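Here is what each chain is made of, one letter per residue.
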Amino acid sequence: MQLSTRNQLDGTVISVTRGEAMAVVRVRLTGGDEITSSITRDAVDDLELTEGSAVKVLIKATEVALGVE
């Protein structure tokens, strides 16, 4: 499958924390950084995500905000 999303990062799932309706998935990227995604529990099940699963992180955003003190 080809996607128009340009920000595609390879990684490995390091944890899946299931909530009532959503799940928090932590991914270690190839370079060692970590990123977190909140997705539905159904999506976790459909993708069969577990610790150690290889994934591609797709980032599509219209805004990136930064803050400093």
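Please read these numbers as outputs of a predicted model, since none were measured by experiment.

Asker: Sorry, what's going on with the pattern of salt bridges here?
Answerer: Under the criterion given, the structure shown has 4 salt bridges. Measuring nitrogen to oxygen at the nearest pair gives 2.7 Å for the salt bridge that ties Arg18 to Asp45. Taken together, the residues span a long stretch of sequence, with Arg18 in strand S1 (residues 7-18) and Asp45 in helix H1 (residues 41-47) at a distance of 27 residues. For Arg18, a relative accessible area of 39% corresponds to the partly exposed category. Owing to a relative accessible area of 41%, Asp45 belongs among the partly exposed residues under this scheme.

Definitions and cut-offs
- Residues numbered from 1 in each chain as written.
- Predicted model: local features only at pLDDT ≥ 70, side-chain atom pairs only at ≥ 80, totals over all residues.
- Heavy atoms only, no water.
- Salt bridge = Lys/Arg side-chain N within 4 Å of Asp/Glu carboxyl O.
- Helix = DSSP H or I, 4+ residues; strand = E, 2+ residues; numbered from the N terminus.
- Buried < 20%, exposed > 50% of the residue type's maximum accessible area, 1.4 Å probe, protein only.

Shape descriptors only; they carry no functional weight alone.
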